[in-house]
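Structural description and commentary
One-letter residues, chain by chain:
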Amino acid sequence: MAEQALPLLGHPLAAGSVRFGTDGIRGRVGSVITPALALQLGYWCGRVLPQQGPILLGSDSRSSGPMLVAALAAGLTAAGRDVLDLGLCPTPAVPGAIRALGGGGGLMVSASHNPPHDNGIKVFGACGAKLARTEQAAIEAGLIGASPALEAVPANGRLERRPDLLEAYRQRLLASVGEARLEGCRLVLDLCWGSATSCGEALFRELGAEVTVLHGQPDGTRINQGCGSTHLEPLRAAVLAQGAHMGFAFDGDADRMLAVDGRGRMVDGDQILYLWGQALMAEGALPQNRIVATVMSNLGFERAWQARGGVLERTDVGDQYVHAAMEDLGAALGGEQSGHILSARHGMSGDGLLTALQVASLIQASGGSLADWLEGSFQPYPQKLVNVTVPSRERRSDWQACDPLRQAVEQAELAMAGSGRVLVRASGTEPLLRVMVEAADPGDVDHWSSHLAALADQHLNAV
């Protein structure tokens, strides 16, 4: 007997109403992200994901998480899939468990760095990577009722709570630094009320570090609010007050990390790639001395890495694109300026806790400090990112159709004559058009970023 959808799933969603962005499906809870959506998404993920092994579920600390996890689990089990719920965990724990258990895929309930009123759902395939576009399209077709008829599910699946599986994730993190120890290293961790609270402090203490913790309890009402990787001020203040050697700040689901050195200076994803890349290059463990980054990575990083004999490949924004390029090129290291770092040696999943452990152990092994290393690193070009709210998805996605804005971008690039660049792109996770300008001359950065952002607001939001 064939079926199109089960009665409990209700009516199909409106075509185009929900689509995968650069990091899953994300939006405001109660309008974009609802229990009805989660129920249907769980069902169609259960039908589309490979029919092998259990489906893994994880979540960050958001107050809406339990509701969405329950709805996803209901949809998955209705599709005949067995579900293992990890509970509160960092996003990378999900793909790690998929690979360890031979699962058919996994879902993570999190809106990453977004505010508490948002939530989202990230979907992973059987290999632990984010879904390819073909699989996303098959799920979207199911959501809008455009999927071909399917064979009926012979029996419902089972849901099992398995927070114990996080111990294997913690052990993998500890093993990632080998015999390294962090005795005498004074650290500050900003756990951002989110997923990193599940094991972040314990990891660093087990390696012997002296740890001060900020925002160290799971609290979905305060996740990312004035803290974490998007708000480094509390971390800077604590590092300076404690006389710490360095500090690490995570986002809501702990898949990315930004650092500050002992002087309170930010160490972003580009700097982390440069540090880690140098270490791998010295080991002979960086094929063709290649690092994969995105179009957002700083021009100063690219030119400094090339001067060392390295190759920098750029992709679109999104760790799924970095992941795909790394696989295609056989690269060992890649990531984003925002702090998503992927290591082939450690499973190719963006993992803020793993990255923090690697940075701390590399600096400890060098006998110096993160501040000393930063002094000898590359000099980034001045860069400014302006976010312009553009509610219309069509207008922000097709901004090139706006002649005044497109012509102004061309004018800016011509005026900077190779000493700078402009990047305008629609956010894949928020209703924003991002306007980025970087140049050797800070005056060019300020002028063109303000001018282009004003044009975008004027023309793309015109009634």
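In short, a report on the structure. None of these values were measured; they are calculated from a predicted model. (Residues numbered from 1 in each chain as written. Predicted model: local features only at pLDDT ≥ 70, side-chain atom pairs only at ≥ 80, totals over all residues. Heavy atoms only, no water.)

1. Some points on the nonpolar core
The line we're drawing: The nonpolar core is taken to be a set of buried Ala, Val, Leu, Ile, Met, Phe, Trp, Tyr and Cys residues, with the residues joined through side-chain atoms within 4.5 Å. For every residue, the accessible area obtained with a 1.4 Å probe (protein chains only) is divided by the maximum for its type, and the residue is called buried under 20%, exposed over 50%, and partly exposed between those limits.
Judged by nonpolar contacts, the single largest core of 63 residues is most densely connected at Phe 204, Phe 248, Phe 250 and Phe 301. Grouped together as the second largest cluster of nonpolar side chains are 30 residues, Tyr 43, Trp 44, Ala 71 and Ile 121 included.

2. Regarding the sheet that holds strand 11 (residues 246-250)
To keep it simple, the criterion reads: Any two strands with at least two DSSP-identified bridges between them are counted as paired. The numbering of helices and of strands both runs from the N terminus, where a helix is a DSSP run of H or I of at least 4 residues and a strand a run of E of at least 2. Pairs of residues are marked as contacts when any of their non-hydrogen atoms sit within 4.5 Å. Structural elements are reduced to axes, namely lines fitted to C-alpha atoms, with helices fitted over the stretch in contact, and the angle between N-to-C directions of any two is expressed from 0 to 180 degrees.
The mixed open sheet is built from five strands, whose spatial order is 10-9-11-12-13. The open sheet has two edge strands, strand 10 (210-214) and strand 13 (266-267), and neither has a second partner. As paired strands, strand 9 (residues 186-190) and strand 11 are joined by four bridges and run parallel to one another. Its bridge partner being in strand 11, Leu 187 is matched across the sheet by Met 246. Across the sheet, helix 7 (residues 233-242) touches strand 9, strand 10, strand 11, strand 12 (257-261) and strand 13, and the angle it forms with strand 9 is around 160°. Strands strand 11 and strand 12 of the sheet are contacted by helix 11 (residues 352-366), whose axis makes an angle of about 170° with strand 11.

3. Quick notes on the environment of Val 32
For Val 32, the location among the structural elements is in the loop between strand 2 (25-28) and helix 1 (35-48). Separated by 313 residues in the primary sequence, Val 32 and Arg 345 place their C-alpha atoms 37 Å from one another. Not counting the four nearest positions on each side in its chain, Val 32 is found in contact with Arg 26, Gly 27 and Leu 37.

4. Concerning the packing of aromatic side chains
Put simply, the rule reads: Working definition: rings of Phe, Tyr and Trp (its six-membered ring) pair if their centres are within 6.5 Å, and the pair is stacked with planes under 30 degrees apart, edge-to-face with planes over 60 apart, and tilted otherwise. Here, over-ring charges are defined by two tests on the NZ atom of lysine or the CZ atom of arginine: distance to the ring centre within 6 Å, and angle to the ring normal within 35 degrees.
For the structure on display, the rule yields seven aromatic pairs. Aromatic pair Tyr 274 and Phe 301: ring centres 6.3 Å apart, planes at 90°, arrangement edge-to-face. Of this pair, Tyr 274 sits in helix 8 (residues 269-283) while Phe 301 sits in helix 9 (residues 299-307); the two residues are 27 residues apart in sequence, bridging distant segments of the chain. Using a relative accessible area of 5% as the deciding quantity, one classes Tyr 274 as buried. Phe 301 sits in the buried class, given a relative accessible area of 0%. Ring centres of Phe 301 and Phe 378 lie 5.5 Å apart, and the angle between their planes is 25°; this geometry places the pair in the stacked category. With Phe 301 in helix 9 and Phe 378 in the loop between helix 12 (370-375) and strand 18 (383-389), this residue pair connects regions lying 77 residues apart in the sequence. Here Phe 301 and Phe 378 have matching classes, each one buried. A network of ring pairs unites the aromatic residues Tyr 274, Phe 301, Trp 305, Trp 373 and Phe 378 as a single cluster. When the ring centre of Trp 193 is taken as reference, the NZ or CZ atom of Arg 222 above it lies at 3.8 Å.

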